[in-house]
Amino acid sequence: MSKHKLIYQIYPSAIGTLQDIADRIPLIAKLGMDYIWLSPVFYSPWVDGGYDVADYKRIDPRFGTMNDFRHLVAVCNKYHIGILHDLVLNHTSSEHPWFLASERHDPWYKDYYVWVDKPLNWQSFFGGPAFEYSQIRGKYYLHLYDKKQPDLNFDNPRVIKEFKDIIKFWTDRGVAGFRVDSANVLAEDALKSGYLPRIPGFFNYYQTKKTVKILEKLLGTDKIFAVAEPVGGDFMSKTRLHELTRKAFDASFNIGTLDVADTFFSMKDHLGKVHYRRWFWKLARWTPEERFSFALETHDTPRAVSRFNADAKSLAMLQFLLPSHYPCVYQGQELGLANPKLSSNINDYPGVASRQLYQRLRREGRTKKQAMNIVKQASRDNARQPIDWADYILQDHNEKSVLNFYRNIIKLWREDIVISEGELKVKRISKRGIFDFDRVYKGKRYKVHIDLSGHTPSTLKNDLGQVILSSK
Ligand code: NOJ
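Residues numbered from 1 in each chain as written. Predicted model: local features only at pLDDT ≥ 70, side-chain atom pairs only at ≥ 80, totals over all residues.

Novice: Teacher, can you tell me more about the site of the ligand here?
Specialist: In the vicinity of the ligand, the contacting residues are D48, Y51, V88, Y145, D181, S182, H299 and D300. Among the residues making up the shell around the ligand, the classes are represented as 3 nonpolar, 2 polar and 3 charged. (Near = placed C-beta within 6 Å. Nonpolar A, V, L, I, M, F, W, Y, C, P; charged D, E, K, R; others polar.)

Novice: Can you help me understand helix α7 (residues 238–248) in this one?
Specialist: It helps to recall that an α-helix has 3.6 residues per turn; residues three or four apart then point in one direction. Residues of α7 that are buried: L241, L244, T245 and A248. Seen from one end, α7 has its buried residues packed into an arc of 95°, which puts them on one side. Facing away from the buried surface of α7 by more than 90 degrees, the exposed residues are K238 and T239. For α7, the secondary structure elements touched by its buried residues are α6 (209–219), β10 (225–228) and β11 (251–252). (Buried ≥ 20, exposed ≤ 12 C-beta atoms within 10 Å, placed from the backbone. Helix = DSSP H or I, 4+ residues; strand = E, 2+ residues; numbered from the N terminus. Arc of directions from axis to C-beta. Contact = placed C-beta atoms within 7 Å.)

Novice: Just checking my understanding: could you explain the nonpolar core for this structure?
Specialist: Grouped burial of nonpolar side chains is what soluble globular proteins tend to show. Within the largest apolar cluster, 133 residues are counted, with the highest numbers of intra-cluster contacts made by I7, Y35, I36, L84, A226 and L315. Broken down by element, the residue count for this core peaks at 7 residues, all from helix α10 (residues 312–321). Setting aside its immediate chain neighbours within four residues, A226 contacts G177, F178, V180, L219, A248, F249 and D250. (Core = buried A, V, L, I, M, F, W, Y, C linked by C-beta atoms within 7 Å.)

Novice: It is not clear to me how helix α4 (residues 157–172) should be interpreted in this structure. Could you clarify?
Specialist: With 16 residues, α4 extends 22 Å from end C-alpha to end C-alpha; this agrees with the ideal 22 Å at 1.5 Å per step. Looking at the buried side of α4, the elements it contacts are β5 (82–88) and α6. The first or second residue beyond α4 is G174, which carries a positive phi of 95°. (Expected span 1.5 Å × (residues − 1).)

Below, the structure written as structure tokens:
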């Protein structure tokens, strides 16, 4: 039996209220996950899909009440699933009472956020300056994301204490752990200008020693299961990943390996052609890492089937047949969902990131049409659409469905030691999307052929040469 854990991400508004989520658990649980990572359900003005929290101890009314949350925990317990709350540490909403008090120079709260007299040249991850002037305070505050998401000041012990309290509040209510948002950019080393071309300022706050210490204080206990979401695409070296995870986390969510599918953290303008060679080599380098969490989709990326123009079963094989210690499946991925047809009017997009991407593209000289085409392809709103439960039920009953393929491959990943523990031996990587590798464990050798181009079926052969899994 594998000691590794499967995480399943739920982006709540794509399902409904907490009660709706609880009602769906029995069906979703047939996938066999250990944890559900729940994107934020806290009280929020919803500027960034819940990642702008105005009260960490209150459920947003759109999702229900604390009683509904208790019910969800009870249902998950019944299915032996732990809930991982999304812990947004780096910033709050500008409507959080801490910020409102800080702006007014309240003696207790004045240093809860990062205030400066003169703005620096730092850029926010969503594009545009990372410092905003507050008329009320007469100073500038830092926001690595939207201006309605001011950055907390982690040099202030009171802020750390607030989060200790919030963590306890939720673990007391049955939460098994946390997925920590923007985990490696919490505390700045220096408030001075920076020179990295796309995001000046980055190296002043990127995984500082201070940040690692803070996280260790907050989460470095065996009782809490914690997954880091580090920011920074390819900048993260293995040593850095190890330092972050060893001290505070059980696993680190994807970094660098997902950037082919993402415009946001990789700081690219659009999704170009997939460079399969580069990407597969990256996967081969990262996935054997013990605490690495490999995902193909999240609420921040378009659907993988569309991004790679590949069949869902081959993608499932890529995710579960590479060494995958903490794989994370995003809701709807197990149905093989593709990007929906999104609107051509930017005002119809709820996500702040899509709108800011559009504005950036326009500023950079793209026509309206060009900018919209890129947004449609790359938008995070692609993955945030409501799940069609009728489809879920149909797939549940169809042996050949993508859903049942996922269930089978997950079972194999859990039960077959060659798949869970075997060493990875890369054999062939082609720029057309073909990836051949072996998994070897104590003299047993399984052969994996992944073909994302769709020319040949993807297959898994056991040590006797029998095909035990095929995408066709
Ligand atoms: C990462 C989250 O995944 C993303 O959705 C959000 O916009 C940023 N962090 C800011 O919280």
